[in-house]
Amino acid sequence: MHIESLALPSIRGLTPYQPGKPISELERELGIRDIIKLASNENPLGPGPLALAAARTALESCHLYPDGGGFELKAALARHLRVEPAQITLGNGSNDVLELIARVFLGPGVEAVFSEHAFAVYPLATQAAGARAVVAPAHDGSRGPRYGHDLKAMHACVTPLTRVVFIANPNNPTGTRLGQAELRGFMESLPDTTLVVVDEAYFEYVNAPDHPDALDWLADFPQLIVTRTFSKAYGLAGFRIGYSVSSPELANWLNRVRLPFNVSSPALEAARAALEDTAHLQRSVQLNREGLAVLSEGFAARKLDYIPSVGNFVCFDTGRAAGTVYDALLREGIIVRPVANYGLPRHLRVTVGLPEQNQMFLGALDKVLAA
Ligand SMILES: *Cc1c(COP(=O)(O)O)cnc(C)c1O
């Protein structure tokens, strides 16, 4: 039997998402200990104490299905974000919500637009749905930050067939961002028959006066969907919980394809507690700010080109095919992220770690690049 011929054409062309290498895998492969993983933009401080306590309590009830509607968390998020609970869609990570969007709005005969070097889940979700991915070239550095989203180029890709435009602000893996006026102008320039997903997975880290909070625009643009996550600044990546905010009508459509109980009860409880733990969030953001400066200055001092980032990671140019540097860093016990699949074959992406981890990384990089 030829299983391949049975699989849908849209699925046959897919290559699986490549996650950062897990610590346990490298331990097995190399038989080494004390591995540092700076590969998946996780919070190096870990979860906050309030989230952890809430999750532990929730474990006692793990024989019960979670609240499939996520009532308590939606109520807490609604207060926190000043929106209505009916505008919120909870997901098994925000990736889940991106998939729901693709499931509802993308399919054969229609298109999704996103930028070159944009988050890998956009092409995956688009292709899996059988829609056509239209990739806009990124800025070349002459009219905007090199490697960043070029909204003019993206606008030029929008046609009557475009159902969804995906924008990551800031973007992963480039760490580039779009300002308020620029993104607002883009929203205004589009027909309201084109959905715009503004993925704000790294929103909490950004500290720039002109940085937009796309939630402010929901009343003006019924076609807007904003996604956020507890995986990054809130330190709950392992729980898999994120959400979108949109019009209640859009949320209703997403809810039709959402799997029942797509978010576990410990995740719901941990997220609710994490929202209250502003101290942990502030510590995380502050630590990141310092670490981002250390890494950026570290690259500059080593005359390595890097992409200035506002996220919790930096992409740097290794000056050669990055695979050998990646492998050599692994042998030093440091896991970073190759980004060749993002059209950046010479770059590696490193997540901001604890101060000592950042130093270990820079030290290992020196050793590897000197070899
Ligand atoms: C990490 C990330 C996400 C969030 O993924 P989760 O499924 O919420 O863990 C979404 N978008 C971008 C751009 C990311 O880098």
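This text goes with the structure placed above it.
So, here is what we can say about the structure in this document. Given the structure is predicted, the values throughout are model-derived calculations rather than measurements. (Residues numbered from 1 in each chain as written. Predicted model: local features only at pLDDT ≥ 70, side-chain atom pairs only at ≥ 80, totals over all residues. Heavy atoms only, no water.)

### Examining the sheet that holds strand β5 (residues 162-168)
Counted only if it meets this: Only strands joined by at least two bridges in the DSSP assignment are considered to pair. Working definition: helices are DSSP H or I runs of at least four residues, strands are E runs of at least two. Numbering for both runs from the N terminus. Axes, fitted as lines to C-alpha atoms, cover a helix only where it is in contact. Angles between the N-to-C directions of the axes lie from 0 to 180 degrees. Contact between two residues is taken to exist if any of their heavy atoms lie within 4.5 Å; hydrogens are not considered.
Overall, mixed pairing links the seven strands, which are arranged β2-β8-β7-β6-β5-β3-β4 in an open sheet. Every interior strand has two partners, whereas the edge strands, β2 (88-91) and β4 (132-136), have only one. Averaged over neighbouring strand pairs, the angle between their axes works out to 20° when direction is ignored. Relative to β5, strand β3 (residues 111-115) runs parallel, the two sharing three bridges. Note that in β5 the partner of Ala 112 across the bridge is Val 164. Across the face of the sheet, helix α5 (residues 71-81) comes into contact with β2, β7 (224-229) and β8 (242-245) while running at roughly 125° to β2.

### Digging into the packing of α5 against helix α11 (residues 265-276)
For clarity, the threshold we go by: Working definition: roughly parallel below 35 degrees, roughly antiparallel above 145 degrees, roughly perpendicular at 65 to 115 degrees, and oblique for all remaining angles. Should the near helix be turned anticlockwise from the far one by less than a right angle, the crossing is left-handed, and should it be turned clockwise, the crossing is right-handed. Residues are grouped as follows: Ala, Val, Leu, Ile, Met, Phe, Trp, Tyr, Cys and Pro are nonpolar; Asp, Glu, Lys and Arg are charged; all remaining types, including Gly, are polar.
Taken N-terminus to C-terminus, the directions of α5 and α11 make an angle of 25°; their axes are 9 Å apart at the nearest point. Here α5 is positioned roughly parallel relative to α11, judged by the angle of their axes. Note that α5 runs across α11; the crossing there is left-handed. Residues Glu 72, Leu 73, Ala 76, Leu 77 and His 80 of α5 pack against Leu 268, Ala 271, Arg 272 and Leu 275 of α11. Class assignment of the residues belonging to the contact of α5 with α11 gives a composition of six nonpolar, one polar and two charged.

### Notes on the packing of aromatic side chains
Let me state the cut-off plainly: Within 6.5 Å between ring centres, the rings of Phe, Tyr and Trp (the latter by its six-membered ring) count as paired, and their orientation is classed by plane angle as stacked under 30 degrees, edge-to-face over 60, tilted in between. Note on exposure labels: buried denotes an accessible area under 20% of the residue type's maximum, exposed denotes more than 50%, and partly exposed covers the range between, all computed with a 1.4 Å probe on protein chains only.
Scanning the entire structure with this criterion turns up 11 aromatic pairs. Ring geometry for Tyr 202 and Phe 313: centres 5.0 Å apart, planes at 65°, overall edge-to-face. Here the residue Tyr 202 occupies a position in the loop between β6 (195-199) and β7, and Phe 313 occupies one in strand β10 (residues 313-317), the gap between them amounting to 111 residues. Each member of the pair, Tyr 202 together with Phe 313, is buried. With a centroid separation of 4.5 Å and an interplanar angle of 20°, the aromatic rings of Phe 299 and Phe 316 are classed as stacked. Here Phe 316 lies in strand β10 and Phe 299 lies in helix α12 (residues 278-301), a separation of 17 residues in the sequence. Neither residue differs from the other here; Phe 299 and Phe 316 are each classed as buried.

### Quick look at the pairing of β7
Taken residue by residue, a regular strand's side chains alternate between the two faces of the sheet. Most of β7 is tucked away: six of the six residues are buried. Of the two faces of β7, both are covered, the one formed by Leu 224, Val 226 and Arg 228 as well as the one formed by Ile 225, Thr 227 and Thr 229. With four bridges joining them, β6 and β7 adopt parallel strand pairing. Its bridge partner being in β7, Val 198 is matched across the sheet by Val 226. Where β7 lies against β8, four bridges are found, and the strand directions are antiparallel.

### Thoughts on the sheet that holds strand β12 (residues 337-338)
On the basis of which strands lie adjacent, the open sheet formed by four strands has the order β9-β10-β13-β12 and antiparallel pairing. A single partner strand is all that each edge strand has here, and the edge strands are β9 (306-307) and β12. Sitting on the sheet, helix α13 (residues 322-331) is in contact with β12 and β13 (347-351), with an inclination near 35° to β13.

### Remarks on the packing of helix α6 (residues 94-105) against helix α7 (residues 121-128)
For any two helices packed against each other, the geometry comes down to the angle between their axes and how far apart the axes lie. As a packed pair, α6 and α7 sit with axes 9 Å apart at the nearest point and diverge in direction by 35°. Regarding α6 and α7, the two cross each other, and that crossing is right-handed. For the pair α6 and α7, contact is made by Asn 95, Leu 98, Glu 99 and Ala 102 and by Val 121, Tyr 122 and Ala 125, respectively. Here the contact of α6 with α7 is composed, by residue class, of five nonpolar, one polar and one charged.

The values reported here are purely geometric and, on their own, carry no functional implication.
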